[in-house]
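# Notes for the structure review
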Amino acid sequence: MARSKIALIGAGQIGGTLAHLAGLKELGDIVLFDIQEGIPDGKALDIAESSPVDGFDARLVGTQSYEAIEGADVVIVTAGVPRKPGMSRDDLLEINLKVMEQVGAGLKKYAPDAFVICITNPLDAMVWALQKFSGLPGNKIVGMAGVLDSARFRYFLAEEFNVSVEDVTAFVLGGHGDSMVPLVRYSTVAGIPLPDLVKMGWTTQERLDKIVQRTRDGGAEIVSLLKTGSAFYAPAASAIAMAESYLKDKKRVLPCAAQLSGEYGLDQMYVGVPTVIGAGGVERVVDISLDRSERADFEKSVATVQGLIEACRKIQPALN
Ligand code: A3D
């Protein structure tokens, strides 16, 4: 069986880490694309030179030409600019929208059958625009955010309870941003929901509320420490988990920014919801029931995403 082909559009901090992880996990051959000369080629060669040490077989190439992504099975998009301290994800909208237009044209021409994972911020609006620009079916193009947001939540909870991260499951809904909705009721330690753990005295409601807030601010916490850019190790690991679920038809239940067609009472928009990812792309959107306060938080988050989508439409009338 031929190796899968993974194209990475953007060879910056996340792109380089994605290439390294995809190599280490032997997910397939890797093409690193960037508009910067030398960077994708240098990173591809450097990672390829690590393959004899780590014992993985993958062909890695760097390119500045979309032609090289032809026939890709998976495309992961990080092209654009990241945040600097003091910037919100939304400040990136205008510049990254132009980048999505170029990437969308490249996908349409060279990789119309790929499963596409967008990471570029502001995430929910960028993946929405990328789907429009590329014309790819909605089930084949998703945004990575929920896996990262729930990984942050899981990590903070595992620290709080002094248990393995593997036994903590966490649930995060809504847009990727300050309005994301970590769902305490659906988050567990080995199946025990967090509200029960509060009753059992494992933590207090106050400490739990602080963890929820830290999860919401997780991206900003890293930006303020790094000062020169935003998180890249955990975002890359999260997108690789999604790519692996598609390539191996694992049908993992992962929260992603997915195109909605009636689920959660929403249509023709992208927002973070639990999905099943398998060989068919997004094979199912899991439409869970929300209580009144969860629904109110979710609606607030949806309104923020809708505002960003409107802003995209104003900047680029072709999106209407
Ligand atoms: P960075 O290291 O700057 O890499 C971005 C790369 O994109 C650079 O190498 C650029 O040269 C390249 N680029 C710019 N314009 C184009 C273009 N038109 N075509 C192809 N390549 C281009 O950033 P990064 O890797 O740290 O972050 C990439 C994106 O991911 C940013 O928009 C971040 O905000 C976003 N991000 C999202 C999350 C989510 O959870 C959704 C987390 C972290 C970062």
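Thresholds, definitions, all that
Residues numbered from 1 in each chain as written. Predicted model: local features only at pLDDT ≥ 70, side-chain atom pairs only at ≥ 80, totals over all residues. Heavy atoms only, no water. UniProt positions renumbered as here; feature names shortened; annotations may be inferred. Helix = DSSP H or I, 4+ residues; strand = E, 2+ residues; numbered from the N terminus. Buried < 20%, exposed > 50% of the residue type's maximum accessible area, 1.4 Å probe, protein only. Contact = heavy atoms within 4.5 Å. Axes fitted to C-alpha atoms, helices over the stretch in contact; angles between N-to-C directions. Left-handed = near helix turned anticlockwise from the far one by under 90°. Nonpolar A, V, L, I, M, F, W, Y, C, P; charged D, E, K, R; others polar. Domains from an automatic or database assignment. Buried area = accessible area lost by both parts, 1.4 Å probe. Salt bridge = Lys/Arg side-chain N within 4 Å of Asp/Glu carboxyl O. Polar contact = N/O pair within 3.5 Å; in protein donor to acceptor, adjacent residues only side chain to side chain. Right-handed = clockwise from strand over helix to strand, strands pointing away. Pairing = 2+ DSSP bridges.

## Structural notes on the UniProt feature "binding site: NAD(+)" (unreviewed entry) in the protein
When the UniProt feature table is mapped onto this chain numbering, "binding site: NAD(+)" (unreviewed entry) sits at Gly10, Ala11, Gly12, Gln13, Ile14, Gly15, Asp34, Asn96, Ile119, Thr120 and Asn121. Counting through the fold element by element, Gln13 comes out in helix H1 (residues 13–24). Overall, the relative accessible area of 49% leaves Gln13 in the partly exposed class. Excluding its chain neighbours within four sequence positions, the residues that come into contact with Gln13 are Lys43 and Phe232. If you trace the backbone, Asn96 turns up in helix H3 (residues 93–110). Owing to a relative accessible area of 0%, Asn96 belongs among the buried residues under this scheme. Not counting chain neighbours up to four residues away, the residues in contact with Asn96 comprise Gly80, Val81, Thr120, Asn121 and Met126.

## Digging into the packing of H3 against helix H4 (residues 123–134)
Axis separation between H3 and H4 bottoms out at 8 Å; the angle between their running directions is 35°. Handedness of the H3/H4 crossing: right-handed. In contact with Leu93, Asn96, Leu97, Met100, Glu101, Val103, Gly104, Leu107 and Lys108 of H3, H4 contributes Ala125, Met126, Ala129, Leu130, Phe133 and Ser134. Taken together, the residues that form the contact of H3 with H4 break down as 10 nonpolar, three polar and two charged.

## Focus on the domain arrangement of the protein
One widely used convention gives an interface's size as the accessible area the parts lose upon coming together. Here the protein is described as being made up of domain 1 (5–144) and domain 2 (146–312). Averaged C-alpha coordinates put domain 1 and domain 2 at centres separated by 22 Å. With 40 residues of domain 1 at the contact, the number on the domain 2 side is 46 residues. Here domain 1 packs against domain 2, burying approximately 3500 Å² in sum over the two surfaces, 72% of which is carbon and sulfur. The largest per-residue losses of area from domain 1 upon contact with domain 2 belong to Asp124, Trp128 and Met144, which jointly make up 20% of the total buried on that side. Our count for the contact surface shared by domain 1 and domain 2 stands at one salt bridge. A salt bridge links Glu244 to Lys25; its shortest N-O distance comes to 3.8 Å. Taken together, the connections running from domain 1 to domain 2 amount to seven residue pairs in polar contact (both at pLDDT 80 or more).

## Observations regarding the pairing of strand E5 (residues 115–118)
Two faces make up the sheet, and in a regular strand the side chains alternate between them. Burial of the side chains of E5 extends over both faces: Phe115 and Ile117 are buried on one face and Val116 and Cys118 on the other. A crossover links strand E4 (residues 74–77) with its parallel partner E5, the connecting element being H3, and its sense is right-handed. Where E5 lies against strand E6 (residues 141–143), three bridges are found, and the strand directions are parallel. Residue pairing for E6: Ile117 is matched across the bridge by Val142. Running through H4, the crossover from E5 to the neighbouring parallel element E6 is right-handed.

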